[in-house]
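Reading the structure
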Amino acid sequence: MVNGRNEADRTLGAQQSQEGQQSTQVRKAAFASAIGTTIEWYDFFLYNTAAALTFPHLFFPESSAYAGAIESFATYAVGFAARPVGAAIFGYWGDRIGRKATLIVTLLAMGLASALVGVLPGASTIGIAAPLILVLLRLVQGIAIGGEWSGSVLLTMEWGNQRKRGLLGSFAQIGVPVGLVLGTGGMTLLSALLSPDAFNSWGWRVPFLASLILVVVGLIIRLQILETPMFAAVVAENRISRAPVMEAVRHHWREILLSAGLRFSEQMPFYLFTSYVLVYVVAQHHYSKTFVLNAVLIAAVLELFTIPWFSHLSDRLGRKRVYLTGAVLTGVLAFPYFAVLKDGGYVAIFIAVVVSMIPHAMQYGPQAALISENFPTHLRYGGAGLGYQLASVFAGGPAPLLATWLLAVTGTPFSIAGYIVLSAVVTVICGWLIKDRSRSDISAEATYARTA
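Described below are features of the structure shown in this document. (Residues numbered from 1 in each chain as written. Predicted model: local features only at pLDDT ≥ 70, side-chain atom pairs only at ≥ 80, totals over all residues. Heavy atoms only, no water.)

This paragraph deals with the environment of R99. Considering the arrangement of structural elements, one finds R99 in helix 5 (residues 99-119). The exposure class of R99 is buried, given its relative accessible area of 0%. For the pair R99 and G151, spaced 52 residues apart in sequence, the C-alpha to C-alpha distance is 5.5 Å. Beyond its immediate stretch of four places on either side in the chain, R99 contacts G94, L154, L155, E158, E227, T228, F231, T377, R380 and Y381. Polar side-chain contacts of R99 include one of 2.8 Å to the side chain of E158. (Helix = DSSP H or I, 4+ residues; strand = E, 2+ residues; numbered from the N terminus. Buried < 20%, exposed > 50% of the residue type's maximum accessible area, 1.4 Å probe, protein only. Contact = heavy atoms within 4.5 Å. Polar contact = N/O pair within 3.5 Å; in protein donor to acceptor, adjacent residues only side chain to side chain.)

Take a look at the structure:
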């Protein structure tokens, strides 16, 4: 009787110890996910802001204001075109050797590329080589960010409680507003403290070089985490695919395409609301760059709270219900948003910029789980990454470029609003068709029998 009780106590103790270790790893994974994507997006948003504020005259000085903006945003779009390539490259390794090792490489690539942008001479110094090297570094950034997202999401989703997958997946998504706060905040602070000449000549470079410090912090954190239990089970059961990306495309092409379409009303408006708005408001009203940057900064701070909240809500109400509500709101608010940007004053424009990020958070928060849940574990890094990043080619990347062109051709910002409404229609259709696996067991192969 005593031996039986002792055995039960040992079993209970071992179970509690295992649960405690898992809980510790979930917290570490969540922090590593958030800090990693924060660094990646900090670097990415620095480039976005610089593309709107300093790159036109620095790397394209012979162009007109319109042509300079077009050329600057074209280099900006190159990074988006490279994202699916990064998703395929790192998706292969993420599903072959694991999430942790792959994420260390993406972090290093992004940080080094950004630091090199910070020391790149302008066209007045090295001529045409300057914009060419800038494009090359933007390609490296795009490839790195293309491989980062799915790994960061899976780092938490594949460790934690399946009833909280939406919330856990959102830790990677939080990296976007944090990166936006740090990147935009750094630019805002420097533009306020320095004279325009000092900011344009060397001040904008400081945040790019500072990314090296963040990379060191991120590496230290990521080296301390373990591989996810779901992927470890795939290795133990010898279910590693020899060509995971090709297999994902062959068996899950429908989910990849729907995931890409799902992002249209989230990603495309986001880059208009955070990047193109800098150009439009300054040109339309001659407001200071700092004013617009501050509005974007406050909007990003708001998302620090709204992204996890809507993600938690998706765990309770279902991913699609929350997500599609955000897509519809994006379409509804498009014309009022540009009406305010066109004719509104300081206060109205400031509020419009901040409020525009609420429908984005309703989609971006639950999005990580909604997309990733539609792929089996042994193909999830590559499949989810391809679906997520494919949208960059058609939605996020061309957005500021097309917005600049639409305004020049039509003479009215409402043409851009129509562009946003079209993106919302695409998302609603794809959201209706994609499967909601909010309450499915995503570790079970049988869950994906329909498409396997």
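Of all hydrophobic cores here, the largest spans 75 residues; its most connected members are W41, W149, L272, V277, V281, Y337 and L341. Counting residues per element, this core draws most heavily on helix 13 (residues 264-285), at 11 residues. Each residue touching L341, except ones within four places of it in the same chain, is listed here: V277, Y280, V281, Q284, H285 and I349. Residues Y47, L58, A130 and L134 belong to the second largest nonpolar core, which totals 22 residues. (Core = buried A, V, L, I, M, F, W, Y, C linked by side-chain atoms within 4.5 Å.)

On to the side chain of S241. Among the structural elements, S241 can be located in the loop between helix 11 (229-236) and helix 12 (244-262). Here the side chain of S241 touches A243 through a polar contact of 3.3 Å, landing on its backbone nitrogen. Separated by 2.6 Å, the side chains of S241 and E247 make a polar contact. Apart from the residues within four sequence positions on either side, S241 is in contact with R96, E247, H378 and L379.

Tracing the backbone through its elements, the reader meets I442 in the segment after helix 20 (414-433). With residues up to four places along the chain from it excluded, the contact list for I442 reads M157, R165, M230, E373, T377, R380 and Y448.

Here we come to the packing of helix 7 (residues 129-157) against helix 18 (residues 380-396). Put simply, helix 7 and helix 18 touch, their axes get as near as 9 Å, and they point 125 degrees apart. In terms of orientation, helix 7 lies oblique with respect to helix 18. Along this stretch, helix 7 crosses helix 18, giving a crossing that reads as right-handed. Residues I145, G146, G147, W149, S150, G151 and L154 of helix 7 touch helix 18, and the partners they reach there are R380, Y381, A384, G385, Y388 and Q389. Across the contact of helix 7 with helix 18, the residue classes break down as six nonpolar, six polar and one charged. (Axes fitted to C-alpha atoms, helices over the stretch in contact; angles between N-to-C directions. Parallel < 35°, antiparallel > 145°, perpendicular 65-115°, else oblique. Left-handed = near helix turned anticlockwise from the far one by under 90°. Nonpolar A, V, L, I, M, F, W, Y, C, P; charged D, E, K, R; others polar.)

Let's shift gears to the pattern of salt bridges. Under the criterion given, the structure shown has 10 salt bridges. Here R99 and D95 are joined by a salt bridge, their closest N and O atoms 2.9 Å apart. With relative accessibility at 0%, the residue D95 sits in the buried group. Across the pair E373 and R319 runs a salt bridge, and its minimum N-O distance is 2.7 Å. Residue E373 is found in the loop between helix 17 (357-372) and helix 18, and its partner R319 is found in helix 15 (residues 319-343); the two are separated by 54 residues along the sequence. It is possible to trace a salt-bridge network through shared partners that takes in D95, R99, E158 and R380. (Salt bridge = Lys/Arg side-chain N within 4 Å of Asp/Glu carboxyl O.)

It is worth spelling out helix 18 at this point. Taking 1.5 Å per residue, 17 residues should reach 24 Å; helix 18 reaches 23 Å between its end C-alpha atoms and fits that length. Within helix 18, 14 of the 17 residues are buried, which leaves the element mostly enclosed by the surrounding structure. (Expected span 1.5 Å × (residues − 1).)

What follows is about empty space enclosed by the protein. If you walk through the whole model with that rule in mind, you get one cavity of 30 Å³ or more. Roughly 50 Å³ of internal volume is contained in the largest cavity. Forming the walls of the largest cavity are W41, F45, V176, R263, E266, Q267, F270, Y271, H360, Y364 and Y388. For the lining of the largest cavity, the secondary-structure elements that each account for two or more residues are helix 1 (2-53), helix 13 and helix 17. If you tally residues by element for the lining of the largest cavity, the top one is helix 13, at four residues. (1 Å grid on protein atoms, 1.4 Å probe; cavity = no way out; pocket = protein on both sides within 12 Å on 5 of 7 lines; lining within 4 Å. Points joined across faces, edges and corners; volume = space filled by probe spheres on them.)

We now examine helix 8 (residues 165-193). With 29 residues, helix 8 extends 42 Å between its outermost C-alpha atoms, agreeing within 8% with the 42 Å of an ideal straight helix rising 1.5 Å per residue. When the local axis directions of helix 8 are compared, the greatest deviation, roughly 40 degrees, occurs at F171. (Bend = angle between axes of the 7 residues up to and from the residue.)

Packing of helix 4 (residues 83-94) against helix 18 leaves a shortest axis separation of 8 Å and a crossing angle of 175 degrees. Accordingly, the angle class assigned to the pair helix 4 and helix 18 is roughly antiparallel. For the pair formed by helix 4 and helix 18, the contact residues are R83, P84, A87, A88, F90, G91 and G94 on the first element and Y381, G382, G385, L386, Q389, L390, S392 and V393 on the second. Partitioning the contact of helix 4 with helix 18 into residue classes produces eight nonpolar, six polar and one charged.

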